[in-house]
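# A closer look at the structure
Below are the chains, spelled out letter by letter.
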Amino acid sequence: MVAGASVSDSRVEWFRAGDEVDSFVIRTNRFDLVVDTMSTPEMFARVVALAPLRPYLQTVVVTTHADYDHYWGNSYLAPSNHLWIASEHARARIVEQQAELDQMNLATGGRFHSVVLGTPHVGISTATVLDGGDLQIHLLPTPGHTPDHLAVHIPELGVVLAGDAAERPLPELWDARSLPALRASLQLLRDLDATIVIPSHGGTTDPEILTDNLEILNEIERRVESGQSLEDLAGHPLPQKQPFFLHCLHRAVAAIQEEN
Ligand SMILES: [Zn+2]
C-alpha cells in the first residue's frame, strides 16, 4: 500500500509504501522533482495517482542509490518526458543489475515482471545544485550505505532526504571498508543543521537520527575495542526489524575490526 505522509511545507509530498520504502515529489517553480520511485512501476504509478506530475513542466527524477527498492519503479516514467539523475557510480551499478532483477523476479513469483532497467540520463560525481527557482535542490554524494549514494538537501525548507545514509537503529554498511565514508556522510548531513531529516525507511522526520547513528557507531566501536558485549545496543528494535539490525551490526563490527 502506498500512502501519503506529511511534511510541513506543501511543496514536499511524501509517500510511504508501508515499511518498504519512501518516495517524494517536490514541486518547484521550474520542475517537478521525484526522489526515488519505489520498487516497482505499479507502486510508483500509485504515487503519481496521488501526486499527478504537472505535464507543462519538466519532471526530474533523482535516484538516491541503485538499490532495487529505490528505483525499480523508474520504468513507469520511461515513455514520458523526464530527466533521470543519479550518481555516476549508480550508473555503473545499474548496468550490471539484470541478473539480480531476473533472480528476484523468479524468487517472488513475478513481482518485478514489469521492471525494465534503463540508465540515468545524467551521472554526477560531485555535489550538484538543481535550481528550481523558488527552491534550490542540493544533491550530495553521501557514500557508505552504498558507494553511489546521494542525499537531497533543500536549504530553504531545512529539509534533508537522507536516503539510506541514515536509518534507525543503524544504517547498513556496503562492506567492511565503508565505515569511514558512512561516518563522513552522517557528519556532512548533520552539519547542515536541518530541522527535518527523513530517511527512506522508518517514517521519521527527527534530525536527531543523524547524531544517534553516529553515536551508535561510536558505541559499537567502544564495545568491540574493549571486548564488551554488543547486546542491547540499540534499545529494542521492533521484533520484525531484529534480523536486519543484527545484519547491520555484523557489518559494522566487521568494519571496525577492519579499521583496527
Ligand atoms: Zn533502501
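This text follows the structure it describes.
Report follows, based on the coordinates. Everything numeric here is computed off the predicted structure, so don't read it as measured data.

Within a sheet, adjacent strands bond to each other through the backbone by hydrogen bonds, running parallel or antiparallel. Taken together, seven strands build an open sheet; the order of strands is 1-2-3-4-5-6-7 and the sheet is mixed. Each edge of the sheet is formed by a strand with only one pairing partner; in this case those strands are strand 1 (3–5) and strand 7 (122–124). On average, each strand axis in the sheet is tilted by 25° relative to the strand beside it, whichever way the strands run. Of the pairings in the sheet, the one linking strand 5 (residues 58–62) to strand 6 (residues 82–87) comprises four bridges and is parallel in character.

The next thing to look at is the sheet that holds strand 12 (residues 196–199). Strand order across the open sheet formed by five strands is 8-9-10-11-12, with mixed pairing between neighbours. Whereas interior strands pair on both sides, the edge strands pair on one side only; in this sheet they are strand 8 (128–131) and strand 12. Averaged over all adjacent pairs, the angle separating strand axes in this sheet is 20°, with direction ignored. In this structure, strand 10 (residues 150–154) lies alongside strand 11 (residues 159–163), joined through three bridges in antiparallel fashion. Among the inter-strand pairings, Ile154 is bridged to a residue of strand 11, identified as Val159.

The next subject is the pairing of strand 2 (residues 12–17). A regular strand places its side chains on the two faces of the sheet in alternate fashion. Here strand 2 lies mainly inside the structure; five of its six residues are buried. Note that strand 2 and strand 3 (residues 21–27) share six bridges and pair antiparallel. If you follow Ala17 over to strand 3, its bridge partner there is Val21. Counted between consecutive antiparallel strands, the loop separating strand 2 from strand 3 contains three residues, among which Gly18 sits at a positive phi close to 50°.

Another aspect to go through is the pattern of salt bridges. Scanning the entire structure with this criterion turns up 19 salt bridges. With its nearest N and O atoms 2.8 Å apart, the salt bridge here joins Arg93 to Asp67. Here Arg93, found in helix 3 (residues 88–94), pairs with Asp67, found in the loop between strand 5 and helix 2 (68–71); they are 26 residues apart in sequence, far enough to count as distant. By the burial criterion, Arg93 is buried, and Asp67 matches it. Its salt-bridge partner being Glu172, residue Arg251 comes within 3.6 Å of it at the nearest N-O pair. Here Glu172 lies in the loop between strand 11 and helix 5 (179–190) and Arg251 lies in helix 7 (residues 242–259), a separation of 79 residues in the sequence. Classification of Arg251 as partly exposed rests on a relative accessible area of 29%. Its relative accessible area of 18% is what places Glu172 among the buried residues. The structure contains a network of salt bridges with shared partners spanning Glu13, Arg27, Asp32 and Arg54.

As a rule of thumb, nonpolar side chains are buried together in soluble globular proteins. Membership of the largest hydrophobic core comes to 28 residues, with the highest contact counts inside it found for Leu170, Leu186, Leu189, Val197, Leu210, Leu217 and Ile220. When contributions to this core are tallied by element, the ones reaching two or more residues are strand 11, helix 5, helix 6 (208–225) and helix 7. If one sorts the elements of this core by residue count, helix 7 sits on top with seven residues. Sequence-distant contacts of Ile220, defined by excluding residues within four places in its chain, comprise Leu170, Leu230, Leu233, Leu249, Ala252, Val253 and Ile256. Counting residues in hydrophobic clusters, the runner-up holds 27 residues, among them Met43, Val61, Ala66 and Met104.

Mapped onto the secondary structure, Asn74 falls in the loop between helix 2 and strand 6. On the accessibility criterion, Asn74 (6% relative accessible area) is buried. Engagement of the side chain of Asn74 in a polar contact is seen with the side chain of Thr37, the distance being 2.4 Å.

The next point concerns the coordination of the zinc ion. Protein coordination of the zinc ion is provided by Asp69 (OD), His70 (NE2), Asp164 (OD) and His201 (NE2), with donor distances spanning 2.0 to 2.7 Å. Seen from the zinc ion, its four donor atoms lie at angles of 85 to 171°, and the figure they make is irregular. Counting gaps between the donor residues of the zinc ion yields the pattern D-H-x93-D-x36-H. Placement of His70 in helix 2 and of Asp164 in the loop between strand 11 and helix 5 is noted, with a sequence separation of 94 residues between them. His70 sits in the buried class, given a relative accessible area of 0%.

Time to look at the pairing of strand 4 (residues 31–35). Counting buried positions along strand 4 yields five of five residues, so the element is predominantly enclosed. Burial along strand 4 is two-sided: Phe31, Leu33 and Val35 facing one way and Asp32 and Val34 facing the other are all buried. Inspection of the sheet shows strand 3 paired to strand 4 by four bridges, in the antiparallel sense. Bridge pairing in strand 4 places Ile26 opposite Leu33. The pairing of strand 4 with strand 5 spans five bridges and is classified as parallel.

Definitions and limits used
- Residues numbered from 1 in each chain as written.
- Predicted model: local features only at pLDDT ≥ 70, side-chain atom pairs only at ≥ 80, totals over all residues.
- Heavy atoms only, no water.
- Pairing = 2+ DSSP bridges.
- Helix = DSSP H or I, 4+ residues; strand = E, 2+ residues; numbered from the N terminus.
- Axes fitted to C-alpha atoms, helices over the stretch in contact; angles between N-to-C directions.
- Buried < 20%, exposed > 50% of the residue type's maximum accessible area, 1.4 Å probe, protein only.
- Salt bridge = Lys/Arg side-chain N within 4 Å of Asp/Glu carboxyl O.
- Core = buried A, V, L, I, M, F, W, Y, C linked by side-chain atoms within 4.5 Å.
- Contact = heavy atoms within 4.5 Å.
- Polar contact = N/O pair within 3.5 Å; in protein donor to acceptor, adjacent residues only side chain to side chain.
- Donors = N, O, S within 2.8 Å, 3.2 Å for Na, K, Ca; no water.
- Tetrahedral: all angles 85-135°; square planar, octahedral: opposite > 155°, others 65-115°.

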